[in-house]
Structures are given as structure tokens and as C-alpha cells.
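Fold and contact review
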Amino acid sequence: MKKVNPELISSIKELPSGKKIYFASDFHLGAPNAEESFHREKKIIKWLEHISNDASAIFLLGDTFDFWFEYKTTIPKGFIRFLGKLAELKDRGVQIFLFVGNHDLWLGDYFPNQLQIPVIRNTAELQVNGKKFFLGHGDGLGHGDTRFKVIKKIFTNSACIWMFKWIHPDLGISIAKYWSSKSRASPSEERFEGEDKERLFSYCKGVEKEIHHDYYVFGHRHLPLELAVSDTSTYVNLGEWITHCNYLEFDGNQATLKTFKG
């Protein structure tokens with residue numbers, strides 16, 4: 001495998017007493033329709049409120065939105081309650097990190113400029129309380145999935161982005177939402193069929209051979225998983241919030257995968 005160069009998140013080294021770090025992924029806000037997305041948005045806000053008193057930092061590991069595109073002066077309509085809750089948490093001193101996923105890979109400067117939330121486009125490394133985390137959304141990592149890797153290169157090409165911006169938002173977003181609905185995993189794909197079939201898990205085992213991490217935390221797979229990478233290293237997939245509503249809680253010593261019932 002090619003050399004691993006994750007971005008180092010250096011703003012968190014020690015957790016304050018009584019504080020925790022939370023990880024979640026794949027909210028897919030906007031999918032499959034406005035009504036169901038609205039109910040999910042309210043549940044996510046309840047979760048954010050639930051963790052707000054002891055959260056030192058929150059990591060959203062990609063596909064927060066089922067589709068997101070930033071024009072020069074326009075962003076997609078909706079999600080106002082969710083955006084407001086993020087702004088409130090930031091004002092209360094909670095650090096928030098937003099990772100790019102394959103559904104919201106066109107995140108631009110809106111979140112850094114308006115909410116002071118950094119956008120992370122690649123894998124990242126977090127070292128806190130002596131524990132080392134390797135974080136990412138998970139799309140395009142490891143062997144295989146060549147078709148997606150080619151499509152991602154096209155979609156992230158600056159010329160393609162420039163051309164898409166010239167399409168009226170009403171038409172452009174409609175096209176993008178249709179494409180997005182076709183690219184979500186079907187329920188039949190959301191099954192565990194053995195460690196050897198888990199591409200992200202195999203990727204993490206390769207990284208572990210180069211450098212040790214206590215936890216590998218990803219989304220994208222849409223299936224909550226906890227697998228042993230080694231005797232001292234764990235792979236966690238966060239699943240998604242359309243059906244599972246899982247999140248990872250790190251209390252300074254141990255990371256625990258939990259389900260939010262709401």
C-alpha cells in the first residue's frame with residue numbers, strides 16, 4: 001500500500017476532566033426525502049443536545065449531507081435546525097470537525113467561514129490522552145472500487161466543479177440528488193460477510209503494519225462494526241443514521257460504540 005500521510009489534528013491532546021469526545025457519521029441529511037430527513041434531523045439534534053454537556057469535541061466523519069454543493073453565494077436549502085445546533089455548540093466551546101464524504105465531497109469554505117468548523121478532506125490522526133486515533137470517511141481507501149475512484153477524480157476536478165456551478169441550482173441540485181440516491185448502498189450490501197470481505201478493515205490492517213493506532217474510526221460502510229486489527233488495536237465503523245443511529249464515545253481511556261435511542 002502507498003505511504004500513509006494523515007493530517008494531524010493537534011488542537012486536542014488532553015481531555016479536560018469529565019469531558020468526552022464523540023464520533024458519528026453518515027447522517028445523510030436530505031435523504032431519501034424531505035419528510036424523513038426532517039425527522040432524522042430532529043433526532044440528530046436530540047443526540048447533540050444529549051452529549052452537549054460533556055462533549056469536548058465532536059467528529060462528523062463524512063456524508064453528513066446526502067448532497068452538498070456550495071455556489072459562490074448559495075448553499076442547499078434546509079438543515080437550518082442542524083446548522084443552528086452546530087453554531088450553538090461552537091459558541092459553547094465544543095470543538096467540531098467535519099470530514100468530507102463521497103456524498104458531500106463539494107464542501108467548501110462555508111463551514112470554516114460561517115461556523116468556524118474545519119473541513120477535513122483526507123484521513124486524519126488524533127492523539128489524545130496517550131491514545132492514537134486514525135480517522136476518515138473511508139471512501140476510496142484500500143484495494144478495489146476502481147470505478148468509484150475514477151468517478152471521484154472526475155467529480156473533484158476543478159474544471160468539472162467550475163462547469164457545474166454554471167448550472168442553475170434548481171436543476172443542478174435536482175440532478176445531483178438523483179445521482180446521490182443511486183449511489184447509496186442497498187440494504188442487501190449492508191451485511192457482514194467476514195473480515196476478509198471488509199475493504200476498510202483490510203486497509204486498516206495495512207496501516208497498522210506501518211504505524212500503530214489504538215483505534216481506526218470510519219463511516220461509509222453503513223454497518224456498525226467493531227473488529228480487532230491487532231491485540232492492541234480496534235477498527236470501528238460507525239454505521240449510519242437512517243436505521244442504526246450509532247456513535248462512538250471516548251471517555252479519555254476507552255472508546256465505546258453506542259446506539260442513540262432518542
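Up top is the structure.
Now for a description of the structure that goes with this document. (Residues numbered from 1 in each chain as written. Predicted model: local features only at pLDDT ≥ 70, side-chain atom pairs only at ≥ 80, totals over all residues. Heavy atoms only, no water.)

Our focus in this paragraph is the packing of aromatic side chains. One pass over the structure, following the stated rule, counts 29 aromatic pairs. For the ring pair Trp47 and Trp241, a centre distance of 5.4 Å and an interplane angle of 55° mean the geometry is tilted. Of this pair, Trp47 sits in helix α1 (residues 34–51) while Trp241 sits in the loop between β10 (233–238) and β11 (246–250), and the two are 194 residues apart along the sequence. The pair formed by Trp47 and Trp241 is uniform in burial state, with each residue classed as buried. (Phe/Tyr/Trp six-rings, centres within 6.5 Å; stacked < 30°, edge-to-face > 60°. Helix = DSSP H or I, 4+ residues; strand = E, 2+ residues; numbered from the N terminus. Buried < 20%, exposed > 50% of the residue type's maximum accessible area, 1.4 Å probe, protein only.)

This part takes up the pairing of strand β7 (residues 131–136). Within β7, five of the six residues are buried, which leaves it mostly tucked inside the rest of the structure. As paired elements, strand β6 (residues 124–128) and β7 share five bridges and run antiparallel to each other. Directly across from Leu126, in β7, lies its bridge partner Phe133. Hairpin connection, β6 to β7: the antiparallel pair is bridged by two residues, and Asn129 has positive phi, about 50°. (Pairing = 2+ DSSP bridges.)

Mapped onto the elements of the fold, Glu208 is located in helix α7 (residues 199–210). Here His212 takes part through its side chain, which lies 2.6 Å from a polar atom of the side chain of Glu208. Excluding residues within four positions of it along the chain, Glu208 makes contact with His213, Tyr216, Val229, Ser230 and Ser233. (Polar contact = N/O pair within 3.5 Å; in protein donor to acceptor, adjacent residues only side chain to side chain. Contact = heavy atoms within 4.5 Å.)

Taken in spatial order, the six strands of this open sheet run β5-β4-β3-β2-β11-β12, and their pairing is mixed. The open sheet terminates on both sides in strands that have one partner only, identified here as β5 (119–120) and β12 (255–259). Strands in contact with α1 are β2 (20–24), β3 (55–60) and β11; relative to β3, the strand with the most contacts, it is inclined by about 150°. (Axes fitted to C-alpha atoms, helices over the stretch in contact; angles between N-to-C directions.)

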